[in-house]
Structures are given as structure tokens and as C-alpha cells.
Amino acid sequence: MPPFNLETCARPNILALQPYRCARDDYKDDGSNILLDANENAYGPSIDSADVSNAAPSSLIAGIDPLGLHRYPDPHQHEVKQLLCNLRNTHVHTPKSITPQNLFVGVGSDEAVDALLRCFCTPGKDRILTCPPTYGMYGVSAQVNDVSLVKVPLTQGPDFSLDVPAINAALSQEADIKLAYFCTPGNPTGSPLAKEDIREILNHPTWNGVVVLDEAYIDFAPDDASLAELVAEYPNLVVMQTLSKAFGMAGIRLGAAFTSPPIAKLLNSMKAPYNIASPTSALAQYALGEKGLAIMRGNRAKIISQRERLIVELPKIEGVGRLRGGTTSNFLLYEMLNKEGQPDNATALAVYERLAEQKGVVVRFRGKEQWCLGCLRVTVGTEEEVTRFLDSLRKTLVEVRG
């Protein structure tokens, strides 16, 4: 037998790693479940079905040519980057324009999360700042890279705003913080962060680090909410976005990081040579084109309508407590109440499990997150899915609360 010992060969921080988990680790989709757990777009991708169902294989979507798949894809993705710039150059926040030189595109936003850690943080030495409750992959990627966390909680819901004095104090007093990750609208909170708060942190007088805004859900917020174009003003700002949410393109795994040209150059130098597949690029160009944007906006309107419906209907159900977060995403965060009328994790967990196991409706239990006692996060689905969810939740709360 060789003397191989995994426990002593692998890096200790990887052996101790707790991977990112989702509800589908517990509940597999058999085709009959309603999936309201992962904040996908239930109305589907930003693609006209007629361009798919009636197309010849060689022209399924303009730009996808099976006969050309023996060639490596474009390593620069200029066309995708330009379309992203066209979308975000609103000139609401600055008269300056962003160009493809301000862009890194990767395999979802998660590639950018990891690339930034590898770019700026020395393993075992540097740290990042996060504001819980927030997206779990910041912490997972940090541990993979042997980078520790400094946590400054958001203020309590429903505002879930940045505690700017505490953040700036940490950036002043804590050693070796290189990155600060902020999610807006927040996940799992659904609450937007104030532009003035972001600016105040960016203008910190002594901190030498990078502010990272994760805008995965920005297209469900009011128009022109994105701060992506502000990277033309601040050399230490990164704004991450994705086509997975409002565009309904989670399956192609395409994310973007808007930033200053020097940082973009570093990130593009680090990436794998051909990290964006040709079919992914072609589908992204379609989604970001005129027809795709029209489809996205139409589906977004349907989601917002169902979001408003949930806001009206959920408080009418006995056992549903307060809306704990904001209303600028495609999900909502609500308390589940015990028989005494108090938010309660045991009740919320029981509701989560019964909904999935007995009703085929998968949501997300978030009760262990900061300020989220007794909370479930519910993705806004189609009209039919919302109807089934409301009916299932009503019955399940009666069963759980007795």
C-alpha cells in the first residue's frame, strides 16, 4: 500500500470546509415539485420559444454553430461585454461611460467571487469583510482560499442596512482586510443597500481595499438601481451581476464583474483561457439583445405582479408573521409563528420539511441566519405556482401548529 494519507496530504482549510448547501441537496426534483428555493426565474429564459422549437439544429440560436464547436471559444467576449455596458450605461449615477475594458465575465458570479479572493488576498494572512445575513458563497470561497472573515452584521430587518460606522471602524482597526463583500438587494434579505452608504465606505480615508457589490437581483429593483457605472468613478469598486436571475439563464452560468480597467485586466489575466463556452456566449448575446431584453422585462413584470400578490395574501394566513426583509428581489423573507404567535425555528423548519415532503413545494429555511429567526425565504413563482404554494402553506401551518 502507498503511504498516502488524505488527512495529512490535503490542505487543512479544505478538510474543514463545509460546502455551500441548497434545498435541493435535501429534496431532489422529480418533475412534480414546485421549486421556490433557489430564486430562479420561473417564467423561463429570455428566449423566444419560436426561435428554439422551429429552428434547424445548425441555427438553434443565432451564433450557435455545432460545426464550429471544434474551435475554442473567444477568450475576450467583447460582444457580450459591450452588450452589458449598453445595458448599464444609464448615466444616472455618473456622466462617464463604462466600456468592455471595465468587464470580466465568468462562470456565474461565483467565478468572480473566487477570482477576487485569489487576486487580492494572501492565504493565511489577509481577510475579507462580510455583513451577515448574506450570500453563503463568500464564506465558502474564502475558506477554500484560506482567507478568514471579519463579520459586521447588517442592522436588523426589515431595513437590513449597512452599519457604516461599524464597517468603517473595522476597516480602520482590523488588520489585513482586503475585500468587503456587500449584497444588494441582499440575499436572503431582499433589501437594497443605500448608495450613500456605499459611497461613504468607498471614500474611507485610510483603507487600502476593494468594495465588492453583488447585484445578482438588481433587475428586480427599481429601474436604474444598478451602481455598475460607478466603477468609472471609483478605482476600488467591483460590481458583480449575473444572467441567472431576471434573465432566467441560470443554466448557462454567466456572470460579470464591472470594475476599473486595471482590476479587470488582473482578473482577465488570471482566468482560464477560454472560460466562457461558445453556446453560453451566443445565448448571452441573445438574452442581452433587443428581443431578449423585451422578454426579460415581460417576465419580470409577471414576477413583480406575483410578488405583490404574495405580499397581500401571506399576512392573511394564520401562522405567517412579519415580512422581515425588502421587496426589491424575486423572493420574500417571512416569519413562521408558533402557537404562541412568536417567530420560531422549530415551526419554520417543520413547515419547510412538510411543504417539500408532503406538498412537493420546496422553499428555503433561513432561520439560522443573523436576524432571521423563524424565517423562510420564498422565491416568487408563476401564478399557478404561487396559488399552489399559498394553499399548501395554509394547510401545512394548520398541521404544524395544531
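Above this text is the structure in question.
Residues numbered from 1 in each chain as written. Predicted model: local features only at pLDDT ≥ 70, side-chain atom pairs only at ≥ 80, totals over all residues. Heavy atoms only, no water.

**Student:** An account of the overall build of the chain is requested, with residue identities and associated values reported.
**Tutor:** The helix and strand tally for the chain stands at 13 helices and 13 strands. Intrachain contacts of the chain at a sequence separation of at least 6 include 73% that bridge at least 24 residues. Of the roughly 17,900 Å² that the chain leaves accessible, carbon and sulfur atoms contribute 53%. (Helix = DSSP H or I, 4+ residues; strand = E, 2+ residues; numbered from the N terminus. Contact = heavy atoms within 4.5 Å. Areas by Shrake-Rupley, 256 points an atom, 1.4 Å probe, with all protein chains shown as cover.)

**Student:** Kindly report on the environment of L355, identifying the contributing residues and their values.
**Tutor:** Structurally, the position occupied by L355 is in helix α12 (residues 345-359). With relative accessibility at 0%, the residue L355 sits in the buried group. As a C-alpha pair, L355 and L393 span 38 residues in sequence and 7.0 Å in three-dimensional space. Once residues within four sequence positions are removed from consideration, L355 is found in contact with G360, V361, V363, F389, S392, L393 and T396. (Buried < 20%, exposed > 50% of the residue type's maximum accessible area, 1.4 Å probe, protein only.)

**Student:** Quick one: what's the story with helix α7 (residues 164-173), residue by residue and with numbers?
**Tutor:** All of the buried residues in α7 are V164, I167, N168, A170 and L171. Seen end-on, α7 carries its buried residues on one side only, within an arc spanning 155 degrees. Relative to its buried face, α7 has exposed residues pointing more than 90 degrees away, namely P165 and Q173. Packing partners of the buried residues in α7 comprise β3 (127-130), β4 (148-151), β5 (177-183) and α8 (195-202). (Arc of directions from axis to C-beta.)

**Student:** Please give an account of the sheet that holds strand β13 (residues 375-379) that cites residues and values.
**Tutor:** An order of β9-β10-β13-β12 is seen for the four strands of this open sheet, with the pairing classed as antiparallel. Single-partner strands in this sheet number two, and they are β9 (320-323) and β12 (364-365). Here strand β10 (residues 331-336) pairs with β13 via five bridges, running antiparallel. Note that in β13 the partner of L332 across the bridge is V378. (Pairing = 2+ DSSP bridges.)

**Student:** Which residues make up the pattern of salt bridges, and what are the values?
**Tutor:** Applying the stated criterion across every chain, the model contains 18 salt bridges. When the shortest N-O distance is used, the salt bridge between E174 and R127 registers 2.8 Å. Taken together, the positions of E174 in the loop between α7 and β5 and R127 in strand β3 put the pair 47 residues apart, joining distant regions of the chain. Ionic contacts of the salt-bridge type, sharing partners, join the residues K125, D126, D176 and K178 into one network. (Salt bridge = Lys/Arg side-chain N within 4 Å of Asp/Glu carboxyl O.)

**Student:** So what about the packing of α12 against helix α13 (residues 383-401)? Which residues, and what values?
**Tutor:** For the pair α12 and α13, interaxial distance at closest approach is 9 Å and the crossing angle is 125 degrees. With respect to α13, the axis of α12 lies oblique. Relative to α13, α12 is oriented so that their crossing is right-handed. Listed contacts from α13 to T347, A350, V351, R354, L355, Q358 and K359 of α12 are R388, F389, S392, L393, K395, T396, L397, E399 and V400. Taken together, the residues that form the contact of α12 with α13 break down as seven nonpolar, four polar and five charged. (Axes fitted to C-alpha atoms, helices over the stretch in contact; angles between N-to-C directions. Parallel < 35°, antiparallel > 145°, perpendicular 65-115°, else oblique. Left-handed = near helix turned anticlockwise from the far one by under 90°. Nonpolar A, V, L, I, M, F, W, Y, C, P; charged D, E, K, R; others polar.)

**Student:** A description of the side chain of S260 should follow, citing residues and the corresponding values.
**Tutor:** With respect to the helices, strands and loops of the structure, S260 is situated in the loop between β8 (255-259) and α9 (261-270). The residues contacting S260, other than those within four sequence positions of it, are N102, V231, P235 and L237.

**Student:** With reference to specific residues and values, describe the environment of I98.
**Tutor:** For I98, the location among the structural elements is in the loop between α4 (78-88) and β2 (103-106). A residue is classified by how much of its surface remains accessible, and I98, at 3% relative accessible area, is buried. In this structure the C-alpha to C-alpha distance between I98 and E233, which are 135 residues apart in sequence, comes to 9.8 Å. Not counting the four nearest positions on each side in its chain, I98 is found in contact with C85, R88, N89, A228, E229, V231, A232 and F258.

**Student:** Lay out the pairing of β4 in plain terms, naming residues and giving numbers.
**Tutor:** Bridge count between β3 and β4: four bridges; the pairing is parallel. Within β4, the residue paired with L129 across the bridge is V150. Once you follow β3 into helix α6 (residues 137-144) and on to β4, the crossover reads as right-handed. (Right-handed = clockwise from strand over helix to strand, strands pointing away.)

**Student:** So what's going on with the nonpolar core? Which residues, and what values?
**Tutor:** Within soluble globular proteins, side chains that are nonpolar generally end up buried alongside one another. Grouped together as the largest cluster of nonpolar side chains are 81 residues, with contacts concentrated most on L129, L162, F182, F389 and L393. With near-sequence residues (within four places) excluded, F182 lies in contact with L129, C131, L162, I167, L193, I198, I201, V211, V212, L213 and D214. Formed by 24 residues, the second largest nonpolar core is a distinct cluster that contains F104, V113, A115 and Y135. (Core = buried A, V, L, I, M, F, W, Y, C linked by side-chain atoms within 4.5 Å.)

**Student:** Pulling in residues and values, what's your account of the packing of aromatic side chains?
**Tutor:** All chains considered together, the criterion is met by four aromatic pairs. Each ring, one from Y72 and one from Y274, has its centre 4.5 Å from the other, and the planes form 10 degrees; the classification is stacked. Taken together, the residues Y72 in the loop between α3 (50-53) and α4 and Y274 in the loop between α9 and α10 (278-288) connect sequence positions 202 residues apart. A relative accessible area of 65% means that Y72 is categorised as exposed. Residue classification places Y274 among the partly exposed positions, given a relative accessible area of 39%. Ring geometry for Y135 against Y138: centres 5.4 Å apart, planes inclined by 90 degrees, an arrangement best described as edge-to-face. Y135 sits in the buried class, given a relative accessible area of 18%. Each member of the aromatic cluster is reached from another via a ring pair, and the members are Y135, Y138 and Y181. The cationic tip of R377 hangs over the ring face of F331; the distance from NZ or CZ to the ring centre is 5.5 Å. (Phe/Tyr/Trp six-rings, centres within 6.5 Å; stacked < 30°, edge-to-face > 60°. Lys NZ or Arg CZ within 6 Å of the ring centre and 35° of its normal.)

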